[in-house]
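Overview (structure and organization)
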Amino acid sequence: MRVTVDSEVLQKTGPVSVNNLIEPNKSLGYSSLYLDFIAGLHSARHFYSADNIDDLAPVLQKISYPREELVALLTKQNTIFGAGVETFRQIEKLKDENALCVFSGQQACLFGGPLLVLIKALAIVKTAKQYEKQLNCPVLPIFWIAGDDHDFEEANHCFVLSRDTQVCKISYDTSEQVMGIPTSDIYFSDEKALEDVKQQLKQVLGETDFTGDLYELIEQSYDSGETMVTAFGKFMARLTSEYGLIFFSPGDRDAKKLAIPFLQGILRKQDELHKRISSSNNHILKHGYHIQVEKKENATYLFYNLNGRHHILRSGSDFTVNGQTFTLDELIDKIEQSPELFSPDVMTRPVMQSYLFPVISQKGGPSEIAYLAQINNIFDLFDRVVPFYVARPTATILERRFDAIMSDYDISFEQITGDIEQVVNRVLGESFPDNLQASFDNMRAKLEASFQSFLAESVDFDPALRKFGEQIQGKIDYLVKQFEGKTFSSHKKKSQQIGDRIRRLQQAVYPRRGLQERTVNVSYFLARYGTSFIAFLYDRLDPEETSHQLLHLSEMDR
């Protein structure tokens, strides 16, 4: 399954209508720091060093990077992932001493992860093209696969929508011991569990015109000989093969060898690291913002994969890892001998990224932007400069059927993110005539008065008709009540149908009481719309927009 994209599509920027933008707000789960950051307020912006890429580019271009080694490393990894020709053309650009990089990333998620992964990936491709024109130098889009991460329970599952719009969890539930192991070292070797999770996905998604290609791609990518990182890389590289996106995993020896001085420096510069991060944290709190990442005083901001990935902790002048004690010199030697066993934590990972690559810009989500404010003053400890941080785009995909419900009942996106039962009650109140019961009572009274008048005249004509007339009146009353019951039964059924439609709308647009992009796996959209969905997303997504974008699939064929 490879995506074929017309060259004209790649050149489009797909501006988003003002009517399709949702202003960022706390109801979407955004922090005050993030909201002030994207609003451009100095109170938040001053935590971030770089103000623009024009000033940053010449500074980065004076720093020496191991460009030949990086090209070889990226070529090796993307060959394993099965990347397209355009990706390797992009990689070669890194040999240019002026070449820069735009980064985004994600952990290696099952079946490509939630929609936000694809949004991040396509956004940096578009941004890199824009920056190339602005800076007049090569700019490469690189997606960092967080292969050092060891949270298996976060990466072993995904959520898809069933055909009746239920949110279904699909899990790779292996009996093998994988807890605490970096995802780059976890193989899908439990063939029974792997086959089971594939069948789970097929059961939920069913068969469409596009599932054949999707299931084939999954079979090619998720095999018992693949790690969580290589499987994810193969899946994503094939989906984005025409866009020139480069994938990078830090979880192999060649990558860590390039970072040996940096990894050793984390341990050697402990006192200054703690001092600076503590200073940043106090500064953030002083301005009324929250601390995104809390670290204990004995944290070193470094992991050691010693029978599982464990924090290296400070213990006086020594260090402890999983109950074992090491001197500084012992750990420095171990990093020299086996760098692949060491990895930065959340606080030092962005610095390692800039240590290895000439990073002009980093696109981050709300949580990432928040914790980056804590670490900007440690980059120069490693002779690196802080990238230009940009909020990644966020988006909700509106399928035609759900678009129609919103239009039919005048439901806004903001209402969907609130109390959906209030929306249901409002729509039902507007759908049913308020005076329906009064209309029935009025009709019954008129029928009774009219029949009584006719019956009186008939009895005057022939008294023997009274009994028959009263029987007729009883039948009329019965039929009227029966009709009344049928009418209200129809209303009740219609009410249930309307309520169910609106609740399904929320499940699709705001599943699990959160943004769709954070929950719904990309395979759901690929099963329903094929790879045309990727071209549509690339075309319509504005990579620099900070408002939440509503993208209408009804426009896909236009």
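Look a little higher up for the structure.
Described in the following lines is the structure provided in the data block. (Residues numbered from 1 in each chain as written. Predicted model: local features only at pLDDT ≥ 70, side-chain atom pairs only at ≥ 80, totals over all residues. Heavy atoms only, no water.)

Scanning the chain from N- to C-terminus turns up 24 helices and 15 strands. For the chain, whose C-alpha radius of gyration is 31 Å, the value lies well above the compact-globule estimate of 24 Å for 558 residues. In terms of overall dimensions, the chain has a C-alpha envelope of 120 × 55 × 50 Å along the principal axes. Buried positions account for 56% of the 558 residues belonging to the chain. Within the chain, residue pairs in contact and separated by at least 24 positions form 76% of the contacts whose partners lie at least 6 positions apart. A total of about 24,600 Å² of accessible surface is found on the chain, and carbon and sulfur atoms cover 48% of it. Positive and negative charge centroids in the chain, built from 60 and 76 side chains respectively, lie 2 Å apart. (Helix = DSSP H or I, 4+ residues; strand = E, 2+ residues; numbered from the N terminus. Rg over C-alpha atoms; globule rule 2.2 N^0.38 Å. Buried < 20%, exposed > 50% of the residue type's maximum accessible area, 1.4 Å probe, protein only. Contact = heavy atoms within 4.5 Å. Areas by Shrake-Rupley, 256 points an atom, 1.4 Å probe, with all protein chains shown as cover. Lys, Arg positive; Asp, Glu negative; His and termini not counted. Charge placed at Lys NZ, Arg CZ, Asp CG, Glu CD.)

With that settled, the discussion passes to the pattern of salt bridges. Taken as a whole and judged by the stated rule, the model has 23 salt bridges. Salt-bridge contacts for Arg 528 lead to Glu 399; the nearest nitrogen and oxygen are separated by 2.7 Å. Of the two residues, Arg 528 is situated in helix H23 (residues 522–529) and Glu 399 in the loop between strand S14 (395–398) and helix H18 (400–408); the sequence distance between them amounts to 129 residues. A relative accessible area of 2% means that Glu 399 is categorised as buried. (Salt bridge = Lys/Arg side-chain N within 4 Å of Asp/Glu carboxyl O.)

Empty space among the atoms becomes apparent when a probe as large as a water molecule is rolled across them. The calculated volume of the largest pocket comes to roughly 1,400 Å³. Along the wall of the largest pocket there are 45 residues; nearest its centre are Gln 106, Gln 107, Lys 120, Asp 149 and Glu 154. Among the secondary structure elements, those contributing two or more residues to the lining of the largest pocket are strand S2 (100–106), helix H7 (115–135), strand S4 (157–161), strand S8 (309–315), helix H16 (349–356) and helix H17 (366–372). With 4 residues, H17 is the single largest residue contributor to the lining of the largest pocket. Within the lining of the largest pocket, the residues separate by chemical class into 14 nonpolar, 18 polar and 13 charged. (1 Å grid on protein atoms, 1.4 Å probe; cavity = no way out; pocket = protein on both sides within 12 Å on 5 of 7 lines; lining within 4 Å. Points joined across faces, edges and corners; volume = space filled by probe spheres on them. Nonpolar A, V, L, I, M, F, W, Y, C, P; charged D, E, K, R; others polar.)

A few words now on a negative patch on the surface. Negative charge collects at one region of the surface, where Asp 329, Glu 330, Asp 333 and Glu 336 lie side by side. Structurally, Glu 336 is set in helix H15 (residues 328–337). Judged by its relative accessible area of 47%, Glu 336 is partly exposed. (Patch = residues over 30% accessible without salt bridge, like charges linked within 9 Å, V, L, I, M, F, W, Y side chains within 5 Å.)

Let us now look at the packing of aromatic side chains. Summed over the entire model, instances satisfying the criterion amount to 22 aromatic pairs. Ring geometry for Phe 152 against Tyr 172: centres 6.3 Å apart, planes inclined by 75°, an arrangement best described as edge-to-face. You can see Phe 152 sitting in helix H8 (residues 152–155) and its partner Tyr 172 sitting in the loop between strand S5 (167–171) and helix H9 (191–205), a full 20 residues away along the chain. The two residues Phe 152 and Tyr 172 agree in class, both being buried. Residues Tyr 304 and Phe 342 carry aromatic rings whose centres are separated by 4.4 Å and whose planes lie at 10° to one another, so their mutual orientation is stacked. Pair noted here: Tyr 304 is in strand S7 (residues 299–305) and Phe 342 is in strand S11 (residues 342–344), with a separation of 38 residues, a long-range link. Here the two residues Tyr 304 and Phe 342 agree in accessibility, since each one is buried. An aromatic cluster is defined as three or more aromatic residues linked by ring pairs; in this entry it consists of Phe 111, Phe 152, Tyr 172, Phe 188, Tyr 222 and Phe 235. In this structure, Arg 309 packs its charged tip against the face of Phe 303, placed 3.7 Å from the ring centre. (Phe/Tyr/Trp six-rings, centres within 6.5 Å; stacked < 30°, edge-to-face > 60°. Lys NZ or Arg CZ within 6 Å of the ring centre and 35° of its normal.)

Counting residues in each nonpolar core, the largest one holds 179 residues, and the members touching the most others are Tyr 222, Phe 235, Phe 357, Ile 360 and Phe 533. For this core, the element with the highest residue contribution is H7, accounting for 13 residues. Among residues more than four places away in sequence, those in contact with Ile 360 are Ile 53, Leu 56, Ala 57, Leu 60, Leu 100, Cys 101, Val 102, Tyr 131, Leu 135, Val 139, Pro 387 and Phe 388. (Core = buried A, V, L, I, M, F, W, Y, C linked by side-chain atoms within 4.5 Å.)

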